[in-house]
Amino acid sequence: MTRVTPQGSQNWRLGFVQLCDAAPLIMAAELGYFREEGLFVELSREMGWATLLDKIVQGELTAAHALGPLPLAASIGLGSFATVCQGLMVLNTHGNAITISRKLVDEGVKTSEDFATYVRQNRWERRFVLGSVSPFSTHHYLLRRWLSQIGLTPGKQVDVVTLPPRQFLRHLESGTVIGACVGEPWNSMAVSLGLGAIMALSREIEPNHPEKVLMARRDTIDANPQEVEALLVALIRAANWCDDPANADQLAQTLSRRVYLDMPAPAIKASLQGTFSRGVEGLEAPGPMFQFGGPKVQEITLPKARWLQRCLVQSGQMESSRQLSDEQLRSIYAPALYKKAQVRLDRSERQIS
């Protein structure tokens with residue numbers, strides 16, 4: 001847990017999960033951006049998304065690095081007691097991949113289509129289980145879409161279970177799952193350890209999809225609008241910093257610390273830049289895995305909110321008849337404070353220049 005010198009009136013306890021795309025929160029603390037905005041911040045690393053959601057709902061976390069669909073799921077009571085939450089900005093796009101067991105590759109599975117063929121040929125002899133980090137995640141939606149593209153149906157030829165990111169490597173090695181859709185650096189770690197191979201990248205399945213968001217309870221936001229705006233200013237600055245290739249070494253070194261990702265810095269740098277092998281001969285390295293910077297990525301627009309809602313509908317967790325109107329979606333994925341923070345930051349940078 002990292003403490004920032006207290007100056008603000010609200011103690012902001014921000015949750016994050018052990019993933020590369022927690023970088024904006026981590027760097028806003030490490031670079032002093034929260035402190036410069038007069039905020040007292042603690043970063044709290046959580047085991048997985050279910051724990052993080054429970055702590056947001058119960059008020060143990062003030063805000064969090066969260067899966068894109070979680071503010072909507074929490075607000076309508078999916079996976080928790082109904083608690084009105086908001087997504088205030090997008091922290092990144094992309095960053096996920098679908099990785100399968102190396103054992104399947106050794107048996108001839110080299111492509112997504114090979115995987116589908118393998119499952120059809122062997123599904124009567126064994127159970128095929130794939131992992132997703134949360135039912136209310138882009139991972140779950142992307143995995144289902146990938147399976148649909150190759151002619152497989154969850155619940156028929158394959159089963160999909162919930163698997164916290166930190167448990168992925170252990171379950172892949174033991175054979176509990178034959179693969180999963182997880183965020184980085186867990187895919188590249190699976191390849192480097194000889195446990196898996198990457199079949200598909202999230203940007204190949206759904207280009208420019210919003211991934212993580214900054215999430216908080218609505219009552220917290222309404223009670224502290226100025227501090228939330230300051231929080232967003234700090235996170236915008238940090239996300240833009242994370243996007244600069246010149247900062248890659250410092251970013252990787254910082255994320256590698258035990259209190260954050262607790263992994264080797266070279267592996268994290270390779271994860272961020274996508275220079276790692278996909279584990280299958282003939283497939284090129286992924287290239288940059290994340291986008292953090294700029295309003296085009298960060299602003300939580302209505303089209304992004306609609307897409308996140310479709311994630312829940314198409315994965316069967318939300319009935320079509322229960323879909324929210326655009327006005328209701330805007331009340332959950334609310335861009336107003338982000339826009340104010342961006343204007344304030346732009347004004348400040350013009351004054352400095």
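Now for a quick tour of the structure.

Remarks on the overall build of the protein
Looking only at helices and strands, one finds 18 helices and eleven strands in the protein. For 353 residues, the compact-globule estimate of 2.2 N^0.38 gives 20 Å, and the C-alpha radius of gyration of the protein, at 20 Å, lies within 12% of that figure. The principal-axis extent of the C-alpha atoms belonging to the protein is close to 60 × 50 × 30 Å. Taken over 353 residues, the protein has a buried fraction of 60%. Across the protein, every contact between residues at least 6 apart in sequence was considered, and the portion connecting residues at least 24 apart equals 78%. As displayed, the protein has an accessible area near 14200 Å², and 47% of this comes from carbon and sulfur atoms. Looking at charge distribution, the protein has the averaged site of its 37 positive side-chain charges lying 2 Å from that of its 35 negative ones.

Regarding the pattern of salt bridges
Counted under the stated rule, the structure contains 17 salt bridges. Among the salt bridges present, the one from lysine 212 reaches aspartate 21, with a minimum N-O distance of 2.7 Å. You can see lysine 212 sitting in strand E11 (residues 210–217) and its partner aspartate 21 sitting in the loop between strand E2 (11–17) and helix H1 (23–30), a full 191 residues away along the chain. Between arginine 257 and glutamate 30 there is a salt bridge, with its nearest N and O atoms 2.9 Å apart. A residue pair is termed long-range when its members are at least 10 positions apart, and arginine 257 in the loop between helix H13 (248–255) and helix H14 (265–273) and glutamate 30 in helix H1 qualify at 227 residues. Taken together, the shared-partner salt bridges connect Glu37, Glu229, Lys340 and Arg344 into one network.

Let's talk about the sheet that holds strand E7 (residues 129–132)
The strands making up a sheet are joined through hydrogen bonds of the backbone, oriented either antiparallel or parallel. As summarised here, the arrangement of the five strands in space is E8-E7-E9-E6-E10, forming an open sheet in which the pairing is mixed. With partners counted over all chains shown, the strands left at the sheet margins are strand E8 (159–162) and strand E10 (196–201), one partner each. Across the sheet, the mean angle separating the axes of adjacent strands is 30° when strand polarity is ignored. Alignment of strand E6 (residues 96–101) against strand E9 (residues 179–183), held across five bridges, turns out to be antiparallel. Note on E9: the bridge partner recorded for alanine 97 is valine 182.

Structural notes on the packing of helix H7 (residues 138–149) against helix H16 (residues 302–314)
Their axes nearest at 9 Å, the elements H7 and H16 cross at an angle of 60°. One way to sum up the angle between H7 and H16 is to call them oblique. The crossing of H7 and H16 is left-handed. Contact residues: H7 offers Thr138, Tyr141 and Arg144, while H16 offers Trp307, Leu308, Cys311 and Gln314. Tallied by class, the residues present in the contact of H7 with H16 amount to four nonpolar, two polar and one charged.

Describing the packing of aromatic side chains
Two numbers describe a pair of aromatic rings. These are the distance of the centres and the angle of the planes. Evaluation of the coordinates by the stated rule reveals five aromatic pairs. With centroids separated by 5.4 Å and ring planes inclined at 90°, the aromatic side chains of tyrosine 141 and tryptophan 307 adopt a geometry described as edge-to-face. Highlighted residues: tyrosine 141 in helix H7 and tryptophan 307 in helix H16, separated in sequence by 166 residues. Relative to phenylalanine 292, the ring of phenylalanine 290 has its centre 5.6 Å away and its plane inclined at 10°; by these criteria the two rings are stacked. The two residues phenylalanine 290 and phenylalanine 292 agree in class, both being buried. Here arginine 237 stacks its cationic end above the ring of tyrosine 33, 3.8 Å away from the centre of that ring.

Points about the nonpolar core
Within the largest apolar cluster, 130 residues are counted, with the highest numbers of intra-cluster contacts made by Phe34, Phe115 and Trp146. Looking at this core element by element, the count peaks at twelve residues for helix H12 (residues 225–243).

Focus: the packing of H1 against H12
Running from N to C, H1 and H12 point in directions that differ by 105°, and their axes come no closer than 8 Å. Classified by the angle their axes make, H1 and H12 are roughly perpendicular. Together, Ala23, Pro24, Leu25, Met27 and Ala28 of H1 and Ala234, Leu235, Ala238, Ala239, Trp241 and Cys242 of H12 make up the contact between the two elements. For the contact of H1 with H12, the residue count by class is eleven nonpolar, no polar and no charged.

Remarks on the environment of valine 177
Looking at where valine 177 falls in the secondary structure, it is placed in the loop between helix H8 (168–174) and E9. Taking relative accessible area as the criterion, valine 177 reaches 3% and is therefore assigned buried. Sequence separation between valine 177 and glutamate 30 is 147 residues, and the spatial gap between their C-alpha atoms is 36 Å. Leaving out residues up to four positions away in the same chain, valine 177 has contacts with Val129, Gly131, Val161, Leu163, His171 and Leu172.

Cut-off values and rules
- Residues numbered from 1 in each chain as written.
- Predicted model: local features only at pLDDT ≥ 70, side-chain atom pairs only at ≥ 80, totals over all residues.
- Heavy atoms only, no water.
- Helix = DSSP H or I, 4+ residues; strand = E, 2+ residues; numbered from the N terminus.
- Rg over C-alpha atoms; globule rule 2.2 N^0.38 Å.
- Buried < 20%, exposed > 50% of the residue type's maximum accessible area, 1.4 Å probe, protein only.
- Contact = heavy atoms within 4.5 Å.
- Areas by Shrake-Rupley, 256 points an atom, 1.4 Å probe, with all protein chains shown as cover.
- Lys, Arg positive; Asp, Glu negative; His and termini not counted.
- Charge placed at Lys NZ, Arg CZ, Asp CG, Glu CD.
- Salt bridge = Lys/Arg side-chain N within 4 Å of Asp/Glu carboxyl O.
- Pairing = 2+ DSSP bridges.
- Axes fitted to C-alpha atoms, helices over the stretch in contact; angles between N-to-C directions.
- Parallel < 35°, antiparallel > 145°, perpendicular 65-115°, else oblique.
- Left-handed = near helix turned anticlockwise from the far one by under 90°.
- Nonpolar A, V, L, I, M, F, W, Y, C, P; charged D, E, K, R; others polar.
- Phe/Tyr/Trp six-rings, centres within 6.5 Å; stacked < 30°, edge-to-face > 60°.
- Lys NZ or Arg CZ within 6 Å of the ring centre and 35° of its normal.
- Core = buried A, V, L, I, M, F, W, Y, C linked by side-chain atoms within 4.5 Å.

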